[in-house]
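Observations on the three-dimensional arrangement
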Amino acid sequence: MVSLWLHCWDLKLIVLGFLVHRTSGTIIGTAVIPHGDFAYDCTLIHCVNGSQQVHDASVSIGHWVAELKPDTVVITTPHGLASTNDYLWYMNHNGSGFALLGQDLHNGSAQEYKVPFSTQIDVDLSQQLLDSTYNMPHNNVSGLSSFADSEPVALRWGEVIPLSFLGNSVNNTNPVTKVAVMSVPTRRYTQDVAMIPELQQLGRTYAQLLHNSTRRVVVLVSSDLAHTHLASGPYGYSPTAEPFDKAIGKWAETLESKYLVDTAAQLVDRALSCGFTGLVLLDALLQQLRSDGLAVHASMLALEHPTYYGMMVAGFNISH
């Protein structure tokens, strides 16, 4: 379960400049947090093989984001309500659901249980983000409203696990911080590399809008890495899994795009990473902020593969 205590990672955050700066509206930070079961509850695998480190790092990044007190957390999810073609912004005013933990074991060795989650959706910001893409060449970003906004839009593990690390600041029927959710289309399964140019354009567009926003915003990418580390896993083994994860880690440490859109892109279709598309969007967003004169301080806190899939925890502090 998620601990409420601070960990040694918090010292690393402070040393690397992850101090809580109070600014008015704009992007105040970004982060990558896994949505795998073992990031939330490493006891499912007895906290071995780096799972404790991933959990601790996720707790620390979540604590840092909560301390920033953003008005809105914008999260990209590869496992939400998804269109085959379009990116979707959730337009219901409330979101609610759960993460069912224990399924990642694929062996029934632990009792499955639900982690409940409820929050409010920042529909106004979601609409602004949607509107900002209307003149883009692909014109493939849409809004999604379920059941005439008469009930909360469904949230599951891809959103619930990363956002849960922020605690009651978002997991609340009257939260301090609202969320804006963008789901990635299912064509990512077969077209993730082909999607790179449009993801980069989305990242640049959203960076410009959010940089000039009246809101204090944190951008969060829900991402696991290669799913082919073990032959016994559901996707089998690929020798590309480890170099893919290492390339992603190198990107998170250096913010050199080549490690992501060149090295990792050549491996992703065999390594099988659900979070690759969100990372490409985030990279473009961060590069745009840097070109606009903002300083981005990167910290990769954990990079492990406790079971068949890899997980990374990283934070990017934005200095204005």
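Residues numbered from 1 in each chain as written. Predicted model: local features only at pLDDT ≥ 70, side-chain atom pairs only at ≥ 80, totals over all residues. Heavy atoms only, no water.

Regarding the pattern of salt bridges
- Considering all chains together, one arrives at four salt bridges under this definition.
- Among the salt bridges present, the one from Glu198 reaches Arg187, with a minimum N-O distance of 2.6 Å. A residue pair is termed long-range when its members are at least 10 positions apart, and Glu198 in helix α7 (residues 196–211) and Arg187 in the loop between β8 (178–183) and α6 (188–191) qualify at eleven residues.
- We classify Arg187 as buried; its relative accessible area is 9%.
- In this structure, Lys246 and Glu242 form a salt bridge, with 3.2 Å as the shortest nitrogen-oxygen distance. (Salt bridge = Lys/Arg side-chain N within 4 Å of Asp/Glu carboxyl O. Helix = DSSP H or I, 4+ residues; strand = E, 2+ residues; numbered from the N terminus. Buried < 20%, exposed > 50% of the residue type's maximum accessible area, 1.4 Å probe, protein only.)

Side note on the packing of aromatic side chains
- One pass over the structure, following the stated rule, counts seven aromatic pairs.
- Centre to centre, the rings of Phe38 and Tyr309 are 5.9 Å apart; their planes meet at 15°, and the pair counts as stacked. Here Tyr309 lies in the loop between β10 (295–304) and β11 (311–319) and Phe38 lies in helix α2 (residues 37–40), a separation of 271 residues in the sequence.
- We classify Phe38 as buried; its relative accessible area is 0%.
- A ring pair is formed by Phe244 and Phe276, whose centres lie 6.4 Å apart and whose planes are at 50°; its orientation type is tilted. Within this pair, whereas Phe244 is found in helix α8 (residues 241–254), its partner Phe276 is found in helix α11 (residues 276–291), the two being separated by 32 residues in sequence.
- Three or more aromatic residues link up through ring pairs in this structure, and these residues are Phe38, Tyr235, Tyr308 and Tyr309.
- Across from the ring centre of Phe98, 4.2 Å away, lies the NZ or CZ of Lys114, which sits over that ring.
- Above the face of the Tyr189 ring, Arg188 is positioned so that its terminal group lies 4.1 Å from the ring centre. (Phe/Tyr/Trp six-rings, centres within 6.5 Å; stacked < 30°, edge-to-face > 60°. Lys NZ or Arg CZ within 6 Å of the ring centre and 35° of its normal.)

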